[in-house]
Amino acid sequence: MNLLLLAAEGATSVPLAVSDGANWFLEHAWIVPLLPALSFLVILFFGKRMPRKGAEVGIAAVGLAFLFSVVAGIAWIDHRDNFTLPEESGEHALVIDGSSESVDQIVLAAEETPAEGDHAEEGAAGEAHGEAESPTIAVHSSTTWFHNGDVAFDAGILVDGLSVVLLFVVTLVSLLVHIYSTDYVAGDRRYTHFFAFLSLFTASMLFFVLSDNILQMIVGWELVGVCSWVLIGHWWEEKPNSDAAMKAFLTNRVGDVGLLVGVIILFWAAGHGSFDILTINSNIISGGVSHTALVVAAMSLTTAVMSKSGQFVLHTWLPDAMAGPTPVSALIHAATMVVAGIYMVARLYPVFFEGMQIGGSSINLLATIGAITLVFGGLLAFVQNDIKKVLAYSTISQLGYMAMALGVGAWTAAVFHLFTHAFFKACLFLGAGSASHAVHSFDMKTDMGGLRKWMPHTYRTFVVASLALAGVFPLAGFWSKDEILAGTGGWGLFGGTGGNGAYTFHLVMGTVGAALTGAYMTRVIYLTFFGEFRGHGTPHESGRRIIVPLYILAAFALFAGLFNLPAGFITGNHSSWQERFGHYVEPVAGYFPPISHATPSYSLAIASSLVALAGIGYAYWYYFVKVDRLARATGESLTELPDGFVSKSSVARAGHTLLVEKYYLDHLYTDVIAGTTKGAIARGANWVNQNVIDGTVDLAGRTSVKAGQLTYDKIDQAVVDGTVNGSGRISDALGGIFRRVQTGKVQQYAALLFAGAAILGGILVVVLSL
């Protein structure tokens with residue numbers, strides 16, 4: 001492959017040495033979504049004839065996609081570490097292979113040396129994230145699909161650190177979900193159909209992740225939505241399941257309006273007639289886009305994020321989506337549907353960073369929505385008895401963390417939390433599925449309890465994932481969640497420095513969310529695995545196809561946080577392990593804004609850990625001490641204190657009712673908005689239709705009939721027909737008169753001729769005499 005490096009400033013070109021093997025995997029990353037897409041077709045048309053009903057094809061395809069993603073990740077690491085710019089190159093450069101019609105390019109840029117007073121205070125963290133000597137490279141391959149006038153519609157892939165890490169997460173979680181499902185949905189009446197759409201779901205998300213233009217992103221965005229609709233309603237014969245699928249579908253259509261508006265604005269204002277992501281982001285960074293346009297575009301796209309990623313107040317579809325099979329819930333919450341909104345913000349980050357003026361601010365729409373979501377979603381988890389719905393509200397809360405992180409400028413922290421969250425949340429959902437598989441129910445209060453005795457493997461992995469979710473040191477969630485809190489820059493980070501603003505409110509909300517997470521997950525562990533078994537029959541541990549994926553995900557929940565250790569945490573020969581995630585994933589190029597990075601604050605880490613442990617400790621004291629002690633004393637299987645705080649305080653009862661009713665949002669949407677639309681508004685519209693519109697039409701019709709009758713009687717009959725009939729009668733009368741002249745007698749004719757000649761002669765005489 002003949003590659004040339006073209007400096008952005010100057011038309012000179014110099015040879016460039018790049019590892020062809022590494023680039024081959026990056027340039028051919030389109031193979032990753034292609035494999036599960038092909039498996040969807042094979043399973044759909046031929047699956048029922050196969051020995052394992054098509055499941056083997058889906059597992060093989062996603063397994064190969066995962067292996068390809070791993071190799072592509074290794075290639076990216078090599079590419080990132082070994083690629084250097086020649087000394088004479090400018091800030092931006094472009095690598096082009098012009099050997100064919102398609103354009104294969106590698107967009108890269110060396111980060112500018114921070115100006116004094118700008119990033120100089122970042123210290124070790126700034127050095128770790130912004131090595132001027134090591135450019136970040138994005139592999140971009142595209143081809144023109146068709147033209148419409150002057151607009152070219154391209155199809156291609158954009159591979160950089162962000163897309164590589166998503167490829168790994170999606171394929172790994174999907175592979176484990178596929179394996180898990182062979183046991184969980186064994187014997188299902190639509191077993192082949194399930195695996196076909198599981199493969200398409202995976203392919204759609206991978207297609208979305210690799211998209212190099214916003215039009216292509218819309219296609220992937222909608223494909224993910226359609227697949228979730230199909231899989232949530234997998235057991236559509238039961239009305240709650242089909243209702244949940246429709247609720248998810250329609251709620252996301254609300255956000256799609258914002259998505260389309262944002263895309264249209266970006267096409268004209270930022271893309272200047274192009275859908276290309278690199279072009280749009282670069283134009284924004286260079287200051288060539290109106291701030292008003294960016295504000296409107298950012299707000300519109302935020303609406304799309306609210307629906308797709310379950311942000312307050314469009315989150316209501318996500319808990320109901322638990323009606324689908326548990327493997328689908330795991331895939332939706334860990335690696336596909338709800339992650340799409342967060343990924344979209346991360347990919348189009350200049351739109352939000354510049355549009356919402358994240359740098360140097362203390363509040364903005366995206367960060368505030370995320371902060372509210374993480375607390376309000378966490379509170380709702382406390383009143384759920386369905387274990388999957390607890391985890392659903394937990395996902396809403398954690399997505400709030402990611403949205404808040406992006407809103408405060410902590411881009412790397414947001415993506416890192418997406419990375420770690422995928423593993424422990426998938427582990428929790430699959431663990432919940434394992435428990436329900438044993439007791440045939442998801443109700444923790446009525447059908448679970450004491451399961452650790454019968455299901456030790458499920459119990460261990462669930463506890464590990466719960467501690468990671470709660471952010472307990474040194475599990476994965478601790479590192480990513482603490483980095484988010486540090487990125488807020490609030491209250492001086494208890495001694496830390498840096499960040500993109502002073503988001504104190506968001507720091508407080510994030511800290512409160514940590515306490516809530518620890519508390520409600522402690523409640524789940526007690527109700528599910530401790531106390532006396534409250535179900536029927538004898539529970540049993542799940543098989544290896546369920547347990548092995550749980551242990552793999554639990555291992556990642558334990559160790560995934562080590563991929564981005566904070567600067568200064570390790571000294572000596574092993575210091576190169578610090579902040580590796582940010583080094584490989586965060587773009588340092590002309591299509592990414594110059595964000596600041598907060599230095600680690602050990603005091604903040606200790607404070608947030610103590611808050612999380614306080615939440616765990618309080619819930620432990622309530623359930624493992626007070627409730628358990630009373631249960632032992634009374635010999636009853638208790639899940640709550642009968643005379644608890646809620647029963648004693650009217651304020652607490654009101655708050656509890658508010659949570660049970662889910663802030664009355666479902667009531668607002670279903671009864672007020674939809675009910676009013678179907679009821680009073682529909683009846684009013686029908687009255688207007690019957691009395692106003694139809695009345696007007698009927699009146700016009702009656703008036704036309706009367707006008708026609710008047711025209712017929714007075715004009716047609718009296719005037720037109722009268723004139724015609726009168727001319728006929730006159731003609732008839734004249735004919736009668738002239739008929740008397742024609743008698744047939746020659747003498748009479750001669751007399752008339754003589755008389756006429758005489759008259760004519762007299763006239764001539766008179767005329768000539770004048």
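Residues numbered from 1 in each chain as written. Predicted model: local features only at pLDDT ≥ 70, side-chain atom pairs only at ≥ 80, totals over all residues. Heavy atoms only, no water.

Q: Describe the overall build of the protein chain, and please don't skip the residues or the numbers.
A: Looking only at helices and strands, the protein chain features 28 helices and six strands. Long-range contacts, defined as pairs at least 24 residues apart, comprise 77% of the intrachain contacts of the protein chain with a sequence gap of at least 6. Approximately 32,800 Å² of the protein chain is accessible, and the part contributed by carbon and sulfur atoms is 65%. (Helix = DSSP H or I, 4+ residues; strand = E, 2+ residues; numbered from the N terminus. Contact = heavy atoms within 4.5 Å. Areas by Shrake-Rupley, 256 points an atom, 1.4 Å probe, with all protein chains shown as cover.)

Q: How would you summarise the pattern of salt bridges if you had to cite specific residues and measurements?
A: Using the criterion set out here, one finds 12 salt bridges in the structure. Between K239 and D243 there is a salt bridge, with the nearest N and O atoms lying 2.8 Å from each other. Note that K239 and D243 are positioned in helix α8 (residues 239–270) at a spacing of four residues, about one turn of the helix. A salt bridge links K662 to D666; the nearest nitrogen and oxygen atoms lie 3.0 Å apart. A residue is classified by how much of its surface remains accessible, and K662, at 23% relative accessible area, is partly exposed. (Salt bridge = Lys/Arg side-chain N within 4 Å of Asp/Glu carboxyl O. Buried < 20%, exposed > 50% of the residue type's maximum accessible area, 1.4 Å probe, protein only.)

Q: Lay out the packing of aromatic side chains with the relevant residues and their values.
A: Working definition: an aromatic ring pair is given by the centre-to-centre distance plus the angle between the planes. Across all of its chains, the model carries 43 aromatic pairs by this definition. Taking 5.4 Å as the distance between ring centres and 70° as the angle between the ring planes, the aromatic pair formed by F312 and F376 counts as edge-to-face. Taken together, the positions of F312 in the loop between α10 (291–308) and α11 (317–320) and F376 in helix α15 (residues 365–380) put the pair 64 residues apart, joining distant regions of the chain. Measuring from centroid to centroid gives 5.4 Å for F419 and F581, while their planes differ by 40°, and the two rings are tilted. Of this pair, F419 sits in helix α17 (residues 411–439) while F581 sits in helix α23 (residues 580–585), placing them 162 residues apart in sequence. (Phe/Tyr/Trp six-rings, centres within 6.5 Å; stacked < 30°, edge-to-face > 60°.)

Q: Summarise helix α22 (residues 544–559); cite the residues concerned and give the values.
A: The end-to-end C-alpha distance of α22, which contains 16 residues, comes to 22 Å, matching closely the 22 Å that a straight helix rising 1.5 Å per residue would cover. Turning to α22, its buried residues are I546, I547, P549, L550, L553, A554 and A557. All buried residues of α22 lie within an arc of 165° about the axis, which places them on one face of the element. In α22, the exposed positions that point more than 90 degrees away from the buried face belong to R544 and F559. (Expected span 1.5 Å × (residues − 1). Arc of directions from axis to C-beta.)

Q: So what's going on with the nonpolar core? Which residues, and what values?
A: Counting residues in hydrophobic clusters, the biggest one holds 208 residues, and the most contacted among them are M344 and W411. Among the elements that take part in this core, α17 stands out by supplying 19 residues, more than any other. (Core = buried A, V, L, I, M, F, W, Y, C linked by side-chain atoms within 4.5 Å.)

Q: Explain the confidence of the model for the protein chain to me, and be specific about the residues and the numbers.
A: With 87% of its residues at a pLDDT of at least 70, the protein chain reaches an overall mean of 85. Throughout residues 1–20 the model reports pLDDT below 50, and contacts reaching past four residues in sequence, or to other chains, amount to 44 contacts. For residues 86–136, every residue scores under 50 in pLDDT, and the model assigns this stretch 127 contacts once sequence neighbours within four places are set aside. (pLDDT = per-residue confidence, 0-100.)

Q: Which residues make up the packing of helix α19 (residues 456–470) against α22, and what values do they have?
A: Between α19 and α22, the least distance of the axes is 9 Å, while the angle of their chain directions is 30°. By the angle class used here, α19 and α22 are roughly parallel. α22 is crossed by α19, and the crossing has left-handed handedness. Taken together, the residues of α22 that come into contact with α19 (itself represented by H457, T458, R460, T461, V464, A465 and A468) are I547, L550, Y551, A554, A557 and L558. (Axes fitted to C-alpha atoms, helices over the stretch in contact; angles between N-to-C directions. Parallel < 35°, antiparallel > 145°, perpendicular 65-115°, else oblique. Left-handed = near helix turned anticlockwise from the far one by under 90°.)

Q: Residues and numbers for helix α21 (residues 504–529), please.
A: Over its 26 residues, α21 extends 38 Å from the first C-alpha to the last, a length consistent with the 38 Å expected when each residue adds 1.5 Å. Burial runs high along α21: 22 of the 26 residues are buried. Looking at the residues trailing α21, positive phi occurs at G531, about 80°.

Q: Describe in detail the packing of helix α13 (residues 337–347) against helix α16 (residues 387–407), supporting the description with residues and values.
A: Contact geometry for α13 and α16: axes closest at 10 Å, N-to-C directions at 5°. One element, α13, and the other, α16, form an angle in the roughly parallel class. Contact residues: V338, I342, V345 and A346 in α13; T395, L399, M402, A403 and L406 in α16. Here the residues of the contact of α13 with α16 are counted per class, giving eight nonpolar, one polar and no charged. (Nonpolar A, V, L, I, M, F, W, Y, C, P; charged D, E, K, R; others polar.)

Q: Which residues make up the environment of V512, and what values go with them?
A: The residue V512 is located in helix α21 in this model. Distance from V512 to A612, taken between C-alpha atoms, is 8.4 Å for residues 100 residues apart in sequence.

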